[in-house]
Amino acid sequence: MRIARFSIDGNVAFGAVEGDGTVDSGDLVLDIIKGIPYADFELSGVKVPLSKVRLLPPVLPSKVVGIGRNYAEHAAELGNEVPDLPLAFFKPSTSVIGPGDSIAYPSFSSELHHEAELAVVIGRMCREVPADRVKDVIFGYTAANDVTARDVQQREKQWARAKGFDTSCPLGPWVETDLDPADLTIQCTVNGEQRQLGRTSDMIRSVGDLISHLSEAMTLLPGDVILTGTPAGVGPLNVGDEVAVTIEGIGTLTNKVIKRG
Ligand code: MG
């Protein structure tokens, strides 16, 4: 099931996405959910066309945990070794934006990069999850762009500013709850031109290993998001660009880059 979060007439709701089109094709419908998606819920049967709503970030995470250098070719393209253990960092909840929202180019950077990534959404409060139980705590998957101020990342030892600025974490367009993450195509285009193309099967650490490793250290809450790293091909974003992340079985997350006002 694809679960979107949206606003309509000033109200915010979750809905199950029905139909085969894309966000822009105008033929998708939302069946409004009664209750909240992480707990028991049912479909209301009240349906609204997706074209009549504004899609919001599909989740409200208490935290977004990013994983660096989880694809060997990407580590190599920036001159980095593959780390011995997963390299984890935070993106704050205030960095999250939804499909169609704008990425605001930060004033303190002159080298913004796209990073197309598979995002895992947690469905249950959990800690110390063994790798073979990880699927019990996963709610679903969405597309993410781990937008990074590359010059700031290289200048500053911690990545809080480089990867944590407002609008640096586009998520969406919805959460797919029925998906095997083992071998999916991840693609990034900028103004329609392909920049990144990879497969999740090239991840150094699997989704299961990453969640097990992170939950050893911290409690994960429903709606928390784990970014699983980006394949090779990262590159610059400029004001006016339209960047799209497409993941097989999920859909396309599109955002425009604007000058920060
Ligand atoms: Mg990344």
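No experiment lies behind these values; they were computed from the predicted model shown.

Section: the coordination of the magnesium ion
Turning to step 1, where the next piece is worked out: For the magnesium ion, the full set of protein donor atoms is Glu115 (OE), Glu117 (OE) and Asp146 (OD), at a range of 2.0 to 2.1 Å.
Turning to step 2, where the next piece is worked out: Mapping the donors of the magnesium ion onto the primary sequence yields the spacing E-x1-E-x28-D.

Side note on the environment of Gln194
Turning to step 1, where the next piece is worked out: Along the polypeptide, Gln194 turns up in strand β16 (residues 193-199).
Turning to step 2, where the next piece is worked out: Measuring from C-alpha to C-alpha, the distance between Gln194 and Ala244 comes to 9.4 Å, with 50 residues separating the pair along the chain.
Turning to step 3, where the next piece is worked out: In contact with Gln194, other than residues within four places in its own chain, are Gln187, Cys188 and Thr189.
Turning to step 4, where the next piece is worked out: A polar contact of 2.7 Å, which involves the side chain of Gln194, links it to the side chain of Gln187.

A few points about the state of the cysteines
Turning to step 1, where the next piece is worked out: Applying the stated criterion to the full structure yields zero disulfides.
Turning to step 2, where the next piece is worked out: Looking at Cys169, it has no disulfide partner, and the nearest cysteine sulfur is the one in Cys188, 14 Å off.
Turning to step 3, where the next piece is worked out: Classification of Cys169 as buried rests on a relative accessible area of 0%.

Thoughts on the side chain of Ser215
Turning to step 1, where the next piece is worked out: Mapped onto the secondary structure, Ser215 falls in helix α4 (residues 207-215).
Turning to step 2, where the next piece is worked out: You can call Ser215 buried: its relative accessible area is 0%.
Turning to step 3, where the next piece is worked out: Polar contacts involving the side chain of Ser215 include one to the main-chain amide nitrogen of Val129, which spans 2.9 Å.
Turning to step 4, where the next piece is worked out: Excluding residues within four positions of it along the chain, Ser215 makes contact with Arg127, Glu128, Val129 and Leu220.

Overview of the sheet that holds strand β20 (residues 251-259)
Turning to step 1, where the next piece is worked out: In spatial order, the strands read β9-β20-β19-β15-β16; together these five strands make up an open sheet with mixed pairing. Only two strands of the sheet have a single neighbouring strand rather than two, namely β9 (102-105) and β16. Here the average twist between neighbouring strands, direction ignored, is 20 degrees.
Turning to step 2, where the next piece is worked out: The pairing of strand β15 (residues 185-190) with strand β19 (residues 242-247) spans five bridges and is classified as antiparallel. Within β19, the residue paired with Gln187 across the bridge is Thr246.

Concerning the UniProt feature "domain: Fumarylacetoacetase-like C-terminal" (unreviewed entry) in the protein chain
Turning to step 1, where the next piece is worked out: Those residues carrying the UniProt feature "domain: Fumarylacetoacetase-like C-terminal" (unreviewed entry) are residues 63-257 in this numbering.
Turning to step 2, where the next piece is worked out: A helix fraction of 13% and a strand fraction of 39% characterise residues 63-257, whose end C-alpha atoms lie 23 Å from each other.

Description of the sheet that holds strand β18 (residues 235-237)
Turning to step 1, where the next piece is worked out: An order of β13-β10-β18 is seen for the three strands of this open sheet, with the pairing classed as antiparallel. Looking at which strands have only one partner, the edges of the open sheet turn out to be β13 (148-149) and β18.
Turning to step 2, where the next piece is worked out: Sheet topology places strand β10 (residues 112-114) next to β18; three bridges connect them, and they run antiparallel. When the bridges of β18 are listed, His113 appears paired with Pro236.

Notes on the UniProt feature "domain: Rv2993c-like N-terminal" (unreviewed entry) in the protein chain
Turning to step 1, where the next piece is worked out: As annotated by UniProt and renumbered to match this structure, "domain: Rv2993c-like N-terminal" (unreviewed entry) occupies residues 1-58.
Turning to step 2, where the next piece is worked out: A distance of 13 Å separates the end C-alpha atoms of residues 1-58, which is 0% helix and 59% strand.

Examining the nonpolar core
Turning to step 1, where the next piece is worked out: Core analysis: the largest hydrophobic core is formed by 54 residues, its most contacted members being Phe6, Leu30, Leu112, Leu118, Ile211, Ile226 and Ile247.
Turning to step 2, where the next piece is worked out: Two domains each provide a minimum of three residues to this core, namely domain 1 (2-55) and domain 2 (64-259).
Turning to step 3, where the next piece is worked out: Beyond its immediate sequence surroundings of up to four residues, Ile226 is in contact with Val65, Ile67, Leu118, Ala119, Val120, Ile211, Leu214 and Leu220.

What about unusual backbone geometry?
Turning to step 1, where the next piece is worked out: A cis amide bond links Gly172 with the next residue in sequence, Pro173, at an omega value of 5 degrees.
Turning to step 2, where the next piece is worked out: In this structure, Asp9 is a non-glycine residue whose phi angle is positive, near 50 degrees.
Turning to step 3, where the next piece is worked out: We classify Asp9 as exposed; its relative accessible area is 73%.
Turning to step 4, where the next piece is worked out: With phi around 50 degrees, Glu128 is a residue other than glycine that occupies positive phi space.
Turning to step 5, where the next piece is worked out: Among the secondary structure elements, Glu128 is positioned in the loop between β11 (116-122) and β12 (138-145).

Cut-offs applied
- Residues numbered from 1 in each chain as written.
- Predicted model: local features only at pLDDT ≥ 70, side-chain atom pairs only at ≥ 80, totals over all residues.
- Heavy atoms only, no water.
- Donors = N, O, S within 2.8 Å, 3.2 Å for Na, K, Ca; no water.
- Helix = DSSP H or I, 4+ residues; strand = E, 2+ residues; numbered from the N terminus.
- Contact = heavy atoms within 4.5 Å.
- Polar contact = N/O pair within 3.5 Å; in protein donor to acceptor, adjacent residues only side chain to side chain.
- Disulfide = S-S within 2.5 Å.
- Buried < 20%, exposed > 50% of the residue type's maximum accessible area, 1.4 Å probe, protein only.
- Pairing = 2+ DSSP bridges.
- Axes fitted to C-alpha atoms, helices over the stretch in contact; angles between N-to-C directions.
- UniProt positions renumbered as here; feature names shortened; annotations may be inferred.
- Core = buried A, V, L, I, M, F, W, Y, C linked by side-chain atoms within 4.5 Å.
- Domains from an automatic or database assignment.

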